[in-house]
Amino acid sequence: MTAQKELLKKLEGILGRERLITEAEDRWCYAFDAAAAQAKHLPLAVALPRSTEEVVAIMRLATEYRVPVYPRGAGTNLSGGVIPREDGLVVSFTEMNKILELDIENLTATVQPGVVVQDLNDAVAPHGLIYPPDPGSVTTATMGGSVAESSGGLRGLKYGVTKDYVMGLEVVLADGTVFHCGGKTVKNVSGYDLVKLFCGSEGTLGIMTAITVRLIPAPEARRSMLAVFDRMEGAARTITEIIANKVIPATMEIMDNVTIRTVEAYCHAGLPVEAAAVLLLEVDGIPEVVAKEAAIVERVCRENGGQVQVARDDAERENLWTARRAALPACARLRPTTVLEDATVPRSQIPAMLLALEKIAQKYNLTIATYGHAGDGNLHPTITCDERDGEEMQRVHSAVDEIFRTAVELGGTLSGEHGIGIAKQKYMELEFGANGLDVMRRIKQALDPLGLLNPGKLVGPVPAKE
Ligand SMILES: Cc1cc2nc3c(=O)[nH]c(=O)nc-3n(C[C@H](O)[C@H](O)[C@H](O)COP(=O)(O)OP(=O)(O)OC[C@H]3O[C@@H](n4cnc5c(N)ncnc54)[C@H](O)[C@@H]3O)c2cc1C
């Protein structure tokens, strides 16, 4: 029997026939994620564990047979983070989807990695609580994938991203070692901050099998507004001036004209198709504060040439957020391929970045729809193209290179929330320098000396230490 057949037989012994996927047509479904224009590779098999013990057994076998492992949540990441690059096992967490504990006294929840983010929010809502990180993919993305990407979302400006809410983890290392870090204490400064190390580690350091997160009281009141601008500069100035007026909205999203028209054609939300840009804003908190902050926001918008419409009820509010969440699916209908980027700059550099994006679109003769979490400097320039057209893809790659060079030159980062994966791996040295990247590779080598966990992603190829 070949080593590969032997490995599959042993895996079947652990998981049973029904939780080990081996048919080629089924395995192809796990060769993809939501990232465009990335090379695909068929995994050897897909394992669907239900417990930490099963994950440990899988990792021991992977170590024994020197087989790469690709952890996978819902596969919604936009950086090629779960795409196998060589023969290996995909470990999917969709079967580890239990909420293990809601601790209302300590305001924490402990979940298995396959819990869908929205399901956690639905479970805590009756207690008057929320779990704030809300990626646009909230109804599909899993907690494991979300922690591994440290995902953010529409509420990131005021509430931060996933790593701000993770308090404790159970982790299985590449050799099957299990360890716990963090916990439920509000204060915890013992030792190295391993919890933070694993947030955003993109499945390259260990597998998270249980996650404890902080919950917060749901805001008592909120007000949503749509501000319409006939000049992009007005919208860009408004973003920085609202913050300068000491108001931190829960949400401050921007959509440019290309996005507005595309979204309107897709979901008929009543967006103004002639506008150069719109801002979608929401303030929340106790009613008195909401009233005061909303008045400031409206004033600043008007001073910068914006016309403000306030959502009158929940239906109008939901309509606004549905329109914003439709940005990516709407753009995806324009052309066969959608390259969505995640350039993030300090807030004060948003006007410069928006201008640069316009110039880059012209220079490379591309359609770039720009929208994103403007309040936290996190823009999602989205290029619609066709990956079968080699010449066009050359221009796309050159434009993307220039987008990231510009973002880093403006004091920004390669990723505000989507992670690095394989798509942005080549730019890592640009942001961290050779020494910074070397430190990360040393951490990777220390925890995964054989280089079995999600190889090639985030830190790129790292030689195995036998
Ligand atoms: C329409 C759309 C909108 C989006 N909007 C946002 C947004 O607003 N903000 C945002 O931040 N992102 C957004 N994303 C990106 C993506 O949805 C998030 O990063 C999401 O949190 C990924 O979760 P997932 O379960 O799909 O993870 P996957 O894509 O399956 O995996 C992501 C990474 O996590 C690793 N991983 C998965 N499970 C584990 C585990 N248990 N242990 C260790 N590593 C693991 C994988 O190896 C991979 O590196 C969006 C994506 C789409 C398609």
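Note that the coordinates shown come from a computational prediction; the quantities given were computed from them, not determined experimentally. (Residues numbered from 1 in each chain as written. Predicted model: local features only at pLDDT ≥ 70, side-chain atom pairs only at ≥ 80, totals over all residues. Heavy atoms only, no water.)

**As for the state of the cysteines**
The criterion, for reference: Count a disulfide wherever a pair of cysteine sulfur atoms falls within 2.5 Å.
Enumeration according to the criterion identifies 0 disulfides in this entry. We note that Cys 181 lacks a disulfide partner, and the nearest cysteine sulfur, in Cys 199, lies 8.6 Å from it.

**As for the site of the ligand**
Operational definition: Whether a residue is near a molecule or strand is decided by its heavy atoms; if any one of them lies within 4 Å of it, the residue is near. We call two N or O atoms a polar contact when they sit within 3.5 Å, provided that within protein one can donate a hydrogen and the other can accept it, with sequence-adjacent residues counted only if both atoms are side-chain atoms. Per-residue accessibility takes into account occlusion by the displayed protein chains alone, with areas from the Shrake-Rupley method and a 1.4 Å probe.
Close to the ligand lie 35 residues; Pro 71, Gly 73, Thr 76, Ser 137 and Thr 142 are nearest. Here an oxygen atom of the ligand sits 2.9 Å away from a polar atom, N or O, in the main chain of Gly 136. One nitrogen or oxygen atom from the side chain of Thr 142 is found 2.7 Å from an oxygen atom belonging to the ligand. Protein chains bury 94% of the 980 Å² of accessible surface belonging to the ligand in isolation.

**A word on the sheet that holds strand β3 (residues 69-72)**
The following threshold applies: At least two bridges found by DSSP between two strands is the condition for calling them paired. By the criteria applied, helices consist of DSSP H or I runs no shorter than four residues and strands consist of E runs no shorter than two, each listed in order from the N terminus.
Spatial strand order, β1-β2-β4-β3: 4 strands in an open sheet with mixed pairing. A strand with exactly one partner marks an edge of an open sheet, and here the two such strands are β1 (20-21) and β3.

**Focus on the nonpolar core**
Defined as follows: We call a set of buried residues a nonpolar core when its members are Ala, Val, Leu, Ile, Met, Phe, Trp, Tyr or Cys and they connect through side-chain atoms within 4.5 Å of each other. We call a residue buried when its accessible area falls under 20% of the maximum for its residue type, exposed when it is over 50%, and partly exposed in between, using a 1.4 Å probe and counting protein chains only. Residue ranges for the domains originate in an automatic or database domain assignment. The contact criterion used throughout is that any non-hydrogen atoms of two residues lie within 4.5 Å.
Ile 254, Leu 279, Leu 281, Val 297, Met 353, Ile 383 and Val 396 are the most contacted members of the largest nonpolar core, which has 56 residues in total. Looking at which element gives the most residues to this core, the answer is helix α14 (residues 390-409), with 7 residues. Split by domain, this core shows at least three residues from each of two domains, domain 3 (221-410) and domain 4 (424-459). Leaving out residues up to four positions away in the same chain, Leu 281 has contacts with Arg 223, Ser 224, Met 225, Ala 227, Ile 242, Thr 251, Met 252, Val 297, Cys 301 and Trp 321. In terms of nonpolar packing, the next biggest core, distinct from the first, is built from 32 residues, Val 124, Ala 141, Met 143 and Ala 148 among them.

**Quick word on the pattern of salt bridges**
Inclusion rule: What counts as a salt bridge is simple: a side-chain nitrogen of Lys or Arg found within 4 Å of a carboxyl oxygen of Asp or Glu.
Summed over all chains, the structure comprises 23 salt bridges. Put simply, Glu 392 and Arg 335 hold a salt bridge, and the shortest N to O gap is 3.1 Å. Of the two residues, Glu 392 is situated in helix α14 and Arg 335 in the loop between α12 (327-332) and β16 (337-340); the sequence distance between them amounts to 57 residues. Exposure remark for Glu 392: the relative accessible area of 7% places this residue in the buried category. Two residues, Arg 442 and Asp 438, come together in a salt bridge whose shortest N-O distance is 3.2 Å. Residue Arg 442 and its partner Asp 438 are located together in helix α15 (residues 428-447), separated by 4 residues, close to a single helical turn. Residue Arg 442 is classed as exposed on the basis of its relative accessible area, which comes to 54%. If you follow the salt bridges from partner to partner, you end up with Glu 101, Asp 103 and Lys 184 in one network.

**Some details on the environment of Ile 216**
Residue position: Ile 216 is located in strand β11 (residues 216-217). For the pair Ile 216 and Ala 47, spaced 169 residues apart in the sequence, the C-alpha separation amounts to 35 Å. For Ile 216, the contacting residues outside a window of four places in its chain are Gly 128, Leu 129, Ile 130, Pro 132, Tyr 159 and Tyr 165.

**Thoughts on the UniProt feature "domain: FAD-binding PCMH-type" (unreviewed entry) in the chain**
Our working definition: UniProt positions are given in the numbering used here, feature names are shortened, and annotations may be inferred rather than shown by experiment.
Following the UniProt record, one finds the feature "domain: FAD-binding PCMH-type" (unreviewed entry) at residues 39-218. Across residues 39-218, the secondary structure splits into 21% helix and 24% strand, with the terminal C-alpha atoms separated by 42 Å.

**What about helix α3 (residues 52-65)?**
Let me state the cut-off plainly: Under the convention used throughout, the expected extent of a helix is 1.5 Å for every residue step, that is, one less than its residue count.
Relative to the 20 Å expected for 14 residues at 1.5 Å per residue, α3 spans 20 Å between its end C-alpha atoms, a close match to the ideal helical length. With 10 of 14 residues buried, α3 lies mostly within the body of the structure. Listed in full, the buried residues belonging to α3 are Thr 52, Glu 54, Val 55, Val 56, Ile 58, Met 59, Leu 61, Ala 62, Thr 63 and Tyr 65. Taken from the residues just after α3, Arg 66 is the one with a positive phi, measuring 55°.

**Some details on the packing of helix α1 (residues 3-15) against α3**
The line we're drawing: Lines fitted to the C-alpha atoms define the axes, with helices restricted to the stretch that makes contact. Angles between their N-to-C directions range from 0 to 180 degrees. Here the word oblique covers every angle except those under 35 degrees (roughly parallel), over 145 (roughly antiparallel) and from 65 to 115 (roughly perpendicular). Throughout, the ten residues Ala, Val, Leu, Ile, Met, Phe, Trp, Tyr, Cys and Pro are labelled nonpolar, Asp, Glu, Lys and Arg are labelled charged, and all others, Gly among them, are labelled polar.
Contact geometry of α1 with α3 gives a least axis separation of 10 Å together with a crossing angle of 170°. Relative to α3, the element α1 is oriented roughly antiparallel. On the side of α1, the interface is formed by Ala 3, Glu 6, Leu 7, Lys 10, Leu 11, Ile 14 and Leu 15, while α3 contributes Glu 54, Ala 57, Ile 58, Leu 61, Glu 64 and Tyr 65. Per-class residue counts for the contact of α1 with α3 are 9 nonpolar, no polar and 4 charged.

**Section: the sheet that holds strand β5 (residues 99-103)**
Strand pairing in a sheet relies on backbone hydrogen bonds, with the paired strands running either antiparallel or parallel. An order of β5-β6-β10-β8-β9 is seen for the 5 strands of this open sheet, with the pairing classed as antiparallel. Either end of the sheet is taken by a strand with one partner, and the two such strands are β5 and β9 (178-182). Sheet twist, expressed as the average angle between the axes of neighbouring strands with direction ignored, equals 10°. By the bridge criterion, 4 bridges tie β5 to strand β6 (residues 108-111) in an arrangement that is antiparallel. Bridged to Glu 101 within β6 is Thr 110. Along the sheet, α3 contacts β8 (166-172), β9 and β10 (207-214); its crossing angle with β8, the most-contacted strand, is approximately 50°. Contacting β5, β6 and β10, helix α4 (residues 117-124) crosses the sheet at an angle of about 40° to β5.

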